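# A structural walkthrough
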Amino acid sequence: MVNVQAGSSTIQVPKVFRILIDVVKTNMKTEGLFRVEGRKTKEKAIVETLDKGDNMPDDVDAIEAASVIKKFLRNISGNLIPTDISQWFYEAGKVAPTKIDEALQLCVLLLPLRNLHLMVYLMEFFNEVTKQSGSNKMTSQNMAVVVAPNIFPEFKSNDLQVQLEMSNLTLTITKSLIEHQRDLPTVLAALTNKLETLNEEVTSKSFYKCWS
Amino acid sequence: MITLSPKNPNHNLKKYKLVFLGEQSVGKTSMITRFMYDSFDPNYQATIGIDFLSKTIYFHDRTVRLQLWDTAGQERFRSLIPSYIRDSQVAVIVYDITNLNSFELTTRWIEDVRSERGNQVVVVLVGNKVDLESCREVPTEKAEKLAKELDVLFIETSAKCSYNVKQLFKRIAEALPDLDPDRHEDNNWLQEVTLETKPKKNNQKDDNNKDYCFC
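As the structure is a computational prediction, the values presented were derived from the model and not from experiment.

What counts and how
Residues numbered from 1 in each chain as written. Chains lettered and ligands numbered in written order. Predicted model: local features only at pLDDT ≥ 70, side-chain atom pairs only at ≥ 80, totals over all residues. Heavy atoms only, no water. Helix = DSSP H or I, 4+ residues; strand = E, 2+ residues; numbered from the N terminus. Rg over C-alpha atoms; globule rule 2.2 N^0.38 Å. Buried < 20%, exposed > 50% of the residue type's maximum accessible area, 1.4 Å probe, protein only. Contact = heavy atoms within 4.5 Å. Areas by Shrake-Rupley, 256 points an atom, 1.4 Å probe, with all protein chains shown as cover. Lys, Arg positive; Asp, Glu negative; His and termini not counted. Charge placed at Lys NZ, Arg CZ, Asp CG, Glu CD. Axes fitted to C-alpha atoms, helices over the stretch in contact; angles between N-to-C directions. Parallel < 35°, antiparallel > 145°, perpendicular 65-115°, else oblique. Nonpolar A, V, L, I, M, F, W, Y, C, P; charged D, E, K, R; others polar. Expected span 1.5 Å × (residues − 1). Arc of directions from axis to C-beta. Phe/Tyr/Trp six-rings, centres within 6.5 Å; stacked < 30°, edge-to-face > 60°. Lys NZ or Arg CZ within 6 Å of the ring centre and 35° of its normal. Buried area = accessible area lost by both parts, 1.4 Å probe. Polar contact = N/O pair within 3.5 Å; in protein donor to acceptor, adjacent residues only side chain to side chain. Pairing = 2+ DSSP bridges. Core = buried A, V, L, I, M, F, W, Y, C linked by side-chain atoms within 4.5 Å.

### So, the overall build of chain A
- Within chain A, the secondary structure is distributed over 11 helices and two strands.
- In sequence order, the secondary structure elements of chain A are arranged as β-β-α-α-α-α-α-α-α-α-α-α-α.
- In terms of C-alpha radius of gyration, chain A reaches 17 Å, essentially the compact-globule figure of 17 Å for 212 residues.
- In terms of overall dimensions, chain A has a C-alpha envelope of 50 × 45 × 35 Å along the principal axes.
- Taken across its 212 residues, chain A has 52% of its residues classed as buried.
- When contacts within chain A are restricted to residue pairs at least 6 apart in sequence, those whose partners lie at least 24 apart make up 71%.
- Roughly 10200 Å² of accessible area belongs to chain A as shown, and the carbon and sulfur atoms make up 51% of that amount.
- Across chain A, the mean location of the 24 positive side-chain charges is 3 Å away from that of the 25 negative side-chain charges.

### Topic: the packing of helix α3 (residues 62–75) of chain A against helix α8 (residues 140–151) of chain A
All names here are of chain A.
- Between α3 and α8, the least distance of the axes is 8 Å, while the angle of their chain directions is 30°. Between α3 and α8, the angle is such that the two are roughly parallel. In this structure, α3 uses K70, L73 and R74 to contact α8, whose residues at the interface are V146, N150 and I151.
- Here the contact of α3 with α8 is composed, by residue class, of three nonpolar, one polar and two charged.

### Regarding helix α4 (residues 106–117) of chain B
Residue and element names in this part refer to chain B.
- For α4, with 12 residues, the first-to-last C-alpha span of 16 Å sits near the 16 Å given by 1.5 Å per residue.
- Within α4, burial applies to T106, W109, I110 and V113. Summarising the axial view, the buried residues of α4 lie within an arc of 100°, below the 170-degree limit, and thus occupy one face. What points out from α4, more than 90 degrees from its buried face, is the exposed set E111 and S115.
- Packed against the buried residues of α4 are β1 (14–22), α2 (81–86), β4 (90–96), α3 (100–104), β5 (122–128) and α5 (140–149).
- Two residues or fewer past α4, G118 is found with a positive phi of approximately 55°.

### Let's talk about the packing of aromatic side chains
- Counted by the stated rule, this structure contains 11 aromatic pairs over all chains.
- Seen from their ring centres, A:F17 and A:F72 are 6.4 Å apart, and the 70° between their planes marks the pair as edge-to-face. Here A:F72 lies in helix α3 and A:F17 lies in helix α1 (residues 15–25), a separation of 55 residues in the sequence. Residue A:F17 shares its accessibility class with A:F72, and that shared class is buried.
- Note on A:Y90 and A:F152: the rings are 5.6 Å apart at their centroids and 25° apart in plane angle, and the pair reads as stacked. In this pair, A:Y90 is assigned in helix α4 (residues 83–93) and A:F152 in the loop between α8 and α9 (160–179), connecting sequence segments 62 residues apart. Here A:Y90 matches A:F152 in class, with each residue buried.
- The positively charged end of B:K55 is found above the aromatic ring belonging to B:F35, 4.9 Å away from the centroid.

### Some details on the interface of chain A and chain B
- With 31 residues of chain A at the contact, the number on the chain B side is 27 residues.
- For the pair chain A and chain B, the summed buried area comes to about 2600 Å², and 53% of that belongs to carbon and sulfur atoms.
- Sorting the residues of chain A by area buried against chain B places A:R35, A:E37 and A:L160 first, and these three jointly supply 26% of that buried surface.
- Taken together, the connections running from chain A to chain B amount to five residue pairs in polar contact (both at pLDDT 80 or more).
- Secondary structure elements with two or more residues in the side of chain A that touches chain B: α3, α8 and α9 of chain A.
- Taken together, the residues of the side of chain A that touches chain B break down into 10 nonpolar, 10 polar and 11 charged.

### As for the sheet that holds strand β2 (residues 50–59) of chain B
Residues and elements named next belong to chain B.
- The strand order across the open sheet formed by six strands is β2-β3-β1-β4-β5-β6, and the pairing between neighbours is mixed. With one partner strand each, in any of the chains shown, β2 and β6 (153–156) form the two edges of the open sheet. Neighbouring strand axes in the sheet, compared pairwise and without regard to direction, differ in orientation by 25° on average.
- Bridge count between β5 and β6: four bridges; the pairing is parallel.

### Things to note about the nonpolar core
- Core analysis: the biggest nonpolar cluster contains 68 residues, and A:L20, A:V24, A:L33, A:F34, A:F89, A:F126 and A:M143 have the highest contact counts within it.
- Of the residues forming this core, the biggest block, 11 residues, is contributed by helix α6 (residues 113–130) of chain A.
- Residues contacting A:F34, with those up to four places away along its chain left out, are A:V24, A:A66, A:I69, A:K70, A:F125, A:F126, A:V129, A:M143 and A:V146.
- Membership of the second largest hydrophobic core comes to 31 residues, among which are A:L160, A:L164, B:V19 and B:V138.

### Description of the side chain of A:T30
Residues and elements named next belong to chain A.
- Among the secondary structure elements, T30 is positioned in the loop between α1 and α2 (40–52).
- With relative accessibility at 17%, the residue T30 sits in the buried group.
- If near-sequence neighbours (up to four positions away) are discounted, T30 is found in contact with A62, I63 and N136.

What follows is the structure in structure tokens.
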């Protein structure tokens, strides 16, 4: 785990995500970032390097690092949005468009702290990617299409209609999370402040420590 | 003169399912959009899950209904795809001629199709985006060779410039089971196109229409 800054809060995220994001940041203008597939052999090499804790090879490009981020997201046990909590996200995704962000903020707070931190960190980064959509063509819609299947529990149905509705729902939710990620660190900070006021003993530092 | 097949005495619509496969952003949706509406959406849009469209076509005095299944190239949806392959008579495997990786991964898609359908399927390998010739990474000969080895049809297209897309569907129709292309000489469906050496430029005025790439 490493400390990263999100708004005024310091949050903890798995080191691999920070390493990979640093690589992606070197070429944020690459067309189809997070959409286009990388070379499989390269991706495998990156995973092996990270597993061993070695330094990243120099010739890794943004596309492959982005693919590996998605791969790691899929491999998080219990998903970034765990099954039991996903139900709340689905409900939030169905509320009136003007209320979605507020509903989602509440849902995000239901996440286990580690997931919450990673969520805040990733959504902030994905938002940064969409700011370059003039070059990389990854608008929040496109980012949401490629990110959503990797953060929600896998959903399968033989009914095409049901399958499509579910895809659209997770898309709406992810898009909203990416577009309004700025509120997340604020919500997080507000929560931490409240806890601190409630109990002076609970400093944000020890609060995070107990989860790491 | 209309010849009715004994199987279809009432001249019922024969239905065929076509599934479009390939990596992300190779142009599966664009190819379908070009065929269905003869248009090109310059907006770069990732497909959500799986989508399908139908089109009735007239071919060799026969009316057939084509169901085009557009799949998202995303990893997570891969597990869903075999069930769509299983129901399909045609698999269109698309790669981007400016992206060698997307070409190399076509063999995986073809293997998936063969393992589900064996030889009971028409497989077409399609190299799209020939309008970006200057960025080409996959030589035509290389793809031709692979297609021959794997015994699949092969064509290069540009969905953006409407180059060879009709030809692609004509080739598919000719290869469809129960549609004998030699039965009639006249071809009312899809005029034969004379292939130009250079694909036509799209006249649409749009920034995204420039011939450029990031290589």
